[in-house]
Amino acid sequence: MKAVVIGAGITGLAVTARLRDLGWEVVLVEKAPGPRPQGYMIDFFGPGYTAARETGLEPRLWELAGQVDEVAYFDRDGERRAGLGYAAFQQGIDGDLLSIMRPDLELALRETLDEQPRYGVGIAGIDNRPDGVTATLTDGSRVEADLLVGADGVHSRTRALVFGPPEGFLRPLGLHTAAWIFDDPKVRETVGQRFALTDSVDRMMGLYGLRDGRVAVFSVHRETSTELPGDPRPILRETYGDLGWVVPNALAGLPEPAGIYYDLVAQVEMGTWHRDRVVLLGDAAYAVSLLAGQGASLGIAGAYVLAGLLRTEPIGEALTAFERRWMPVTSERQRKGRQGIDWFLPHSRGRLFARRMAMRAMVVPGVNRLFSTALVGKSHEPVLSAGG
Ligand SMILES: Cc1cc2nc3c(=O)[nH]c(=O)nc-3n(C[C@H](O)[C@H](O)[C@H](O)COP(=O)(O)OP(=O)(O)OC[C@H]3O[C@@H](n4cnc5c(N)ncnc54)[C@H](O)[C@@H]3O)c2cc1C
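Within each chain, residues carry numbers counting from 1 in the order of the written sequence. Residues qualify for local features only when their pLDDT is at least 70, as the model is predicted, and side-chain atom pairs are given and counted only at 80 or more; totals for whole chains, interfaces and linings, by contrast, use all residues. The basis for every side-chain value is the complete set of non-hydrogen atoms in the structure, without hydrogens or water.

Going by what an unreviewed UniProt entry lists, the chain is known as 2-polyprenyl-6-methoxyphenol hydroxylase-like FAD-dependent oxidoreductase and is assigned to Phytomonospora endophytica.

Structural data, given as structure tokens:
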């Protein structure tokens, strides 16, 4: 069997590795010229963690993981207003949580591949038939395959070519997000081993110290426009400039636009993820958004579940069974993500206060387990039953 996979992000790498393990020939193409260096920290837990354990990836992820002792909120004067030890959350899910930069997670997945992705190559056209698919790539080459997997992210070109324009599927959540990395030893020292967040209304910046001494930043603010700026720096300076604490340092460390990740926060909702011999996977099919905190996890787990079904069923049946099994999991995460917007980014001072109080309650034994279980959901079963 032969597959062509579009996009060598977390999902595309994971599905390629799994299909090759099962004996498939896989052509993996990625439009970026090489591995994407821009990163943000990923809390990796839930079904993807289970899949990583099942495929033997878990030890390598721990080698690359950073150490986080707590998540803490700071006000504009640098005073700690609320916090939660990572251990409390980790214990709630039996230790199955690690924090890893996205480029490191992609690196761990790339290391499992015998043949590396074809970089600098995107998808230009798709001839999709009931019995096969022909992919025309941007370098002019054509690939005949039994299956095409679109793992090309929230703005998927594969989805546009096969299912139609994004308006039908993309659900913007009224937020924009950015991430970049900068060098400032003083800020690195201030952040320590924490995931340090601003305790602020309608916008938030989070900082995290990297092993190499630099600092990774991510930010989220309310913005209903779906237009993305070519150069996000003026918007970032204007939106976050008065937040105080170490935020001015982070803004002073903004790199050139190519080094900044900037995007809408959006979910992708579809009634079906497949048509004939094309299937969408990961953010392209079911982006849950950073609010749900499990997009990478669901990309890896979805790859594992899909490949497990392709091992035992003919392609058409496997794609239908995949939706039946996996869509309830991703829909539940999307719902939880939307419900969590006001927790994640409080709309008022009153809400900020309520969050501080709730975080205090979470250190109570039992409450931490309830919270952790609610966050992870009951999503392990499809992963466990896809093994073998
Ligand atoms: C700030 C932030 C924090 C997050 N935190 C977490 C977290 O804590 N935990 C978690 O689990 N998830 C988190 N996520 C979500 C997670 O990063 C995504 O869900 C995940 O990266 C999705 O992986 P993917 O491979 O499906 O898509 P992507 O990561 O978007 O990868 C798609 C790939 O396809 C390539 N591509 C695009 N178009 C084409 C084309 N036409 N041809 C060829 N290649 C193409 C892209 O260059 C890219 O390499 C976070 C996201 C953000 C933005």
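Draft legend 1. Spatial organisation of the site of the ligand. As a matter of local geometry, the ligand sits amid 30 residues, with Thr11, Glu30, Tyr40, Asp43 and Asp283 nearest to it. Glu30 places a side-chain nitrogen or oxygen 2.6 Å from an oxygen atom of the ligand. Counting of polar contacts relies on pairs of N or O atoms within 3.5 Å, with two restrictions inside protein: one atom must be capable of donating a hydrogen and the other of accepting it, and residues adjacent in sequence are counted only when both atoms are side-chain atoms. Between Gly295 and the ligand, the recorded distance is 3.2 Å, taken from a backbone N or O atom to an oxygen atom. For every accessible area listed, the method is Shrake-Rupley and the probe measures 1.4 Å; residues are considered covered only by the protein chains on display. With the chains in place, 91% of the 1,000 Å² that the ligand exposes on its own is no longer accessible. Under the scheme applied, nonpolar residues are Ala, Val, Leu, Ile, Met, Phe, Trp, Tyr, Cys and Pro; charged residues are Asp, Glu, Lys and Arg; polar residues are all the others, including Gly. Counted by class, the shell around the ligand contains twelve nonpolar, eleven polar and seven charged residues. Here, proximity means that at least one heavy atom of the residue falls within 4 Å of the molecule or strand.

Draft legend 2. Spotlight on the sheet that holds strand β1 (residues 2-6). A pair of strands is considered paired only if DSSP assigns at least 2 bridges between the two. Segments assigned H or I by DSSP are reported as helices when at least four residues long, segments assigned E as strands when at least two residues long, and all are numbered from the N terminus. A sheet is described by the order of its strands in space; here six strands give the open sequence β7-β2-β1-β11-β18-β17, paired in mixed fashion. Edge strands, defined here as strands with exactly one partner in the open sheet, are β7 (118-119) and β17 (274-275). Here four bridges tie β1 to strand β11 (residues 147-150), and the two strands are oriented parallel to one another. Its bridge partner lying in β11, Val4 is registered against Leu148.

Draft legend 3. Fine view of the environment of Gly293. Summarising the element assignment, Gly293 is placed in the loop between α10 (283-286) and α11 (295-312). The spacing of Gly293 and Arg333 is 40 residues in sequence and 8.9 Å in space, taken between C-alpha atoms. We call two residues contacting when some pair of their heavy atoms lies within 4.5 Å. In this view, Gly293 contacts Asp43 and Phe45; residues no more than four positions away in its chain are not counted.

Draft legend 4. Here's a closer look at the packing of aromatic side chains. In this analysis, rings of Phe, Tyr and Trp, with Trp reduced to its six-membered ring, are considered paired at centre separations within 6.5 Å, and the interplanar angle assigns stacked below 30 degrees, edge-to-face beyond 60, and tilted for intermediate values. Taken as a whole and judged by the stated rule, the model has seven aromatic pairs. Taken together, a centroid distance of 6.4 Å and an interplanar angle of 90° make the contact between Phe195 and Tyr208 edge-to-face. Placement of the pair is Phe195 in strand β13 (residues 194-198) and Tyr208 in strand β14 (residues 203-209), with a sequence separation of 13 residues. Relative accessibility decides the category of a residue: with a 1.4 Å probe and only protein chains considered, values under 20% of the type maximum give buried, values over 50% give exposed, and everything between is partly exposed. On the accessibility criterion, Tyr208 (4% relative accessible area) is buried. A network of ring pairs unites the aromatic residues Phe195, Tyr208 and Phe218 as a single cluster.

Draft legend 5. Summary view of the sheet that holds strand β12 (residues 170-182). What the seven strands build is an open sheet, ordered β5-β4-β13-β14-β15-β12-β16; its pairing is mixed. Two strands lie at the open edges of the sheet, namely β5 (80-85) and β16 (261-268), each paired on one side alone. Strand-to-strand twist across the sheet, computed as the mean angle between neighbouring axes with direction ignored, equals 20°. Sheet topology places strand β4 (residues 70-74) next to β13; five bridges connect them, and they run parallel. Its bridge partner lying in β13, Glu70 is registered against Arg194. Every axis corresponds to a line fitted to the C-alpha atoms, with the helix fit spanning only the stretch in contact, and the corresponding angles, defined between N-to-C directions, vary from 0 to 180 degrees. Along the sheet, helix α14 (residues 349-361) makes contact with β4, β5 and β13, crossing β5 at roughly 35°.

Draft legend 6. Seen up close, the pairing of strand β9 (residues 132-137). When you tally the buried positions in β9, you get five out of six residues, the bulk of the element. When strand β8 (residues 123-129) meets β9, the two strands line up antiparallel, connected through six bridges. Paired with Gly125 across the strands is Thr136, a residue of β9. Hairpin remark: β8 followed by β9, antiparallel, with two residues in the connecting loop. As defined by bridge partners, β9 adjoins strand β10 (residues 142-145) across four bridges and the pair is classed as antiparallel. For Ala135, the partnering residue across the bridge sits in β10 and is Val143. Between β9 and β10, which follow one another and run antiparallel, lie four residues, and Gly140 among them has a positive phi close to 90°.

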